[in-house]
Amino acid sequence: TLLPWAAGAEPGEAELAVSEANPTVSTLAHEWRTTIGARNPGFRDVRWESRRRVAVTTLDALIAEHGTPRFCKIDVEGYEAEVLAGLSTPLAGVSVEFVAGALEVAERCVTRLAALGDYRFNVIEGERRTFRWPEWHPADATLAWLAQGADGLPSGDLYARLAAPSGPPPPAPTIAEPTP
């Protein structure tokens, strides 16, 4: 379902900065937009020429109206942490984009997800289609990787999945025989 809203920490309105030449990097993240060109050469020539007021909703409100997704991809050019701030319950799977020069956004996302549930993380570099790590990492290891510069990757997607519950699996349900 395509909806005419942005997602954020709380409902309301916000200013969407639109790049006419590169519309996929349009963003609500004002500070990110004003600093990313100096911090990441891939954004040096990007310009956000126009502004539009957009309605903002939260992931919680979308879930209340449309149901809980098993997976949620968030790729909103530096506004990922604000989108996750509008989520109060864990989802089975989440991905957020990260870019060099703004790894603190990804760090805030990992911290938020860890506060919501016991997540494990993995990374896909750029537009590749394979996970970088053979094992899924806990939040603390993922935060350390980000703090150390994310192996110098220019961009990628950070995937999070809820860890399997520990202990033995729950017993299979029993079906009672009808009584005569």
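As shown above, the structure is provided for reference.
Predicted model only: the values in this text are computed from it and were never measured.

About the cut-offs
- Residues numbered from 1 in each chain as written.
- Predicted model: local features only at pLDDT ≥ 70, side-chain atom pairs only at ≥ 80, totals over all residues.
- Heavy atoms only, no water.
- Phe/Tyr/Trp six-rings, centres within 6.5 Å; stacked < 30°, edge-to-face > 60°.
- Helix = DSSP H or I, 4+ residues; strand = E, 2+ residues; numbered from the N terminus.
- Buried < 20%, exposed > 50% of the residue type's maximum accessible area, 1.4 Å probe, protein only.
- Lys NZ or Arg CZ within 6 Å of the ring centre and 35° of its normal.
- Salt bridge = Lys/Arg side-chain N within 4 Å of Asp/Glu carboxyl O.

(A) Structural view of the packing of aromatic side chains. Tallying each qualifying case throughout the model produces eight aromatic pairs. Where Phe-71 meets Tyr-159, the ring centres are 6.1 Å apart and the plane angle is 15 degrees; that geometry is what we call stacked. With a gap of 88 residues between them, Phe-71 in strand β4 (residues 71-74) and Tyr-159 in strand β8 (residues 155-162) connect regions that are remote in the sequence. A relative accessible area of 43% places Phe-71 in the partly exposed class. Through a chain of ring-to-ring contacts, the aromatic side chains of Phe-71, Phe-131, Trp-136 and Tyr-159 assemble into a single cluster. The ring of Trp-136 carries the charged tip of Arg-161 above its face, separated from the ring centre by 4.1 Å.

(B) How the structure looks around unusual backbone geometry. With a phi angle near 50 degrees, Glu-77 is a residue other than glycine that sits in the positive phi range. Its place among the elements puts Glu-77 in the loop between β4 and α3 (80-85). Note on Glu-77: relative accessible area 5%, which makes it buried. Even without glycine at this site, Ala-150 takes up a positive phi of about 55 degrees. With respect to the helices, strands and loops of the structure, Ala-150 is situated in the loop between α5 (139-147) and β8. Judged by its relative accessible area of 0%, Ala-150 falls in the buried class.

(C) Representation of the pattern of salt bridges within the structure. Applying the stated criterion across every chain, the model contains nine salt bridges. Among the salt bridges present, the one from Glu-104 reaches Arg-39, with a minimum N-O distance of 3.1 Å. Of the two residues, Glu-104 sits in helix α4 (residues 103-116) while Arg-39 sits in helix α1 (residues 30-39), which places them 65 residues apart along the sequence. Three or more residues joined by partner-sharing salt bridges are found here, namely Glu-125, Arg-128, Arg-132 and Asp-151.

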